[in-house]
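Close look at the chain arrangement
The lines below spell out each chain.
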Amino acid sequence: MGKKVIGILGSPLPEGNTARLLERALKGARDAGCETETIHAASLSFESCMEMMFCREHDTCIMDDDMQAIYGKLREMDGLIVATPVMTMGIPGKLKSLFDRCQVFFMAKYIRKQPLISKERRAKRQALFICISGMDVPGVFDGAKKTLLAFLDIIDCPLSDEMLVPGMDALKDVSKHPELPDAAYRKGFALGEQLNAK
C-alpha cells in the first residue's frame, strides 16, 4: 500500500480555485502511488481553542468535536498538502482555528517532551503548501507562510515544496490558465514519489 497523503482545504469554497489546485495536487500524489484524503476545514464542526490546557497533560483536547478525528489523521499521515487563499494577509479563520487546536501536538512536543510523532516518522514526512492571493504585492504570502511553518513544526511534518500564486483577482479562474493546475499536479506527483521512496 502506498503512503497516505492528507489534503487540507482552507478555502470556504469547495469548488473554487484553491480547491481545484488542491485536487490536481492530490491527483498527482495518487498517480505516484499514494492514498489520499481531503479535509475541508470550513465543513468541520469544532470550536476555536479555548486554552483549557487539558492537552498540557493529555494527548488530546477536552473538547469533543470534529477535531478528535483530525488528530488521528494528522498523526497517521505520511504527507500533507495544505491549500489556502490569503485572507487579510493571513489565512482563513477556520483553517487558523484548526491549526490552533493542534496545541495537542505542541504540548506533547515542547512541554512534556514526548512528541506524538517519532523522530523516525518525522524524517519520512513531508508537506506541500499551495497558496493563492487575489493581490500581487510584496510580502503578500508572508503571514500565511509563517503560520503554516509554525503548524508544520508542531505536527512534525517539514515543508518540502510550495506553490504560491499571486494576482488571482486578475487571473480569476485557474481553469483558464492550465499551467497552474498542471504545476499543482507535478508538485503533488513529486511529493508522492518522494514519500514512496522513503
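In this report, the structure presented in the accompanying data block is examined. Remember, it's a predicted structure, so these values are computed and weren't measured experimentally.

1. Points about the sheet that holds strand β4 (residues 126-132)
Taken in spatial order, the five strands make up an open sheet running β2-β1-β3-β4-β5, and their pairing is parallel. Taken across any chain shown, the strands that pair with only one partner, and hence form the sheet edges, are β2 (35-40) and β5 (159-165). Within this sheet the neighbouring strands show an average axis-to-axis angle of 15°, counted without direction. Here seven bridges tie strand β3 (residues 79-85) to β4, and the two strands are oriented parallel to one another. The residue of β4 that forms the bridge with T84 is C131.

2. Focus: the packing of aromatic side chains
Scanning all chains against the criterion turns up four aromatic pairs. Aromatic pair Y185 and F189: ring centres 6.3 Å apart, planes at 25°, arrangement stacked. Here Y185 pairs with F189, and both are found in helix α8 (residues 179-197), just four residues apart, close to one helical turn. Overall, the relative accessible area of 26% leaves F189 in the partly exposed class. The ring centre of F46 lies 4.9 Å from the NZ or CZ of K94, which sits over that ring.

3. A closer look at the packing of helix α1 (residues 17-31) against α8
For the pair α1 and α8, the least separation of the axes is 6 Å and the interaxial angle reads 40°. Between α1 and α8, the angle falls in the class oblique. Note that α1 runs across α8; the crossing there is right-handed. Facing α1, whose interface residues are L21, R24, A25, K27, G28, A29 and D31, α8 presents L180, P181, A184, Y185, G188, F189 and G192. Taken together, the residues of the contact of α1 with α8 sort by class into eight nonpolar, three polar and three charged.

4. Comments concerning α8
Taking 1.5 Å of rise per residue, the 19 residues of α8 would be expected to cover 27 Å, and the 27 Å separating its terminal C-alpha atoms lies within 8% of that figure. Of all the positions in α8, only L180, P181, A183, A184, G188, L191, G192 and L195 are classed as buried. In this structure, the buried side of α8 is in contact with β1 (4-9), α1, β3, β4, β5 and α7 (168-171).

Rules used in this analysis
- Residues numbered from 1 in each chain as written.
- Predicted model: local features only at pLDDT ≥ 70, side-chain atom pairs only at ≥ 80, totals over all residues.
- Heavy atoms only, no water.
- Pairing = 2+ DSSP bridges.
- Helix = DSSP H or I, 4+ residues; strand = E, 2+ residues; numbered from the N terminus.
- Axes fitted to C-alpha atoms, helices over the stretch in contact; angles between N-to-C directions.
- Phe/Tyr/Trp six-rings, centres within 6.5 Å; stacked < 30°, edge-to-face > 60°.
- Buried < 20%, exposed > 50% of the residue type's maximum accessible area, 1.4 Å probe, protein only.
- Lys NZ or Arg CZ within 6 Å of the ring centre and 35° of its normal.
- Parallel < 35°, antiparallel > 145°, perpendicular 65-115°, else oblique.
- Left-handed = near helix turned anticlockwise from the far one by under 90°.
- Contact = heavy atoms within 4.5 Å.
- Nonpolar A, V, L, I, M, F, W, Y, C, P; charged D, E, K, R; others polar.
- Expected span 1.5 Å × (residues − 1).

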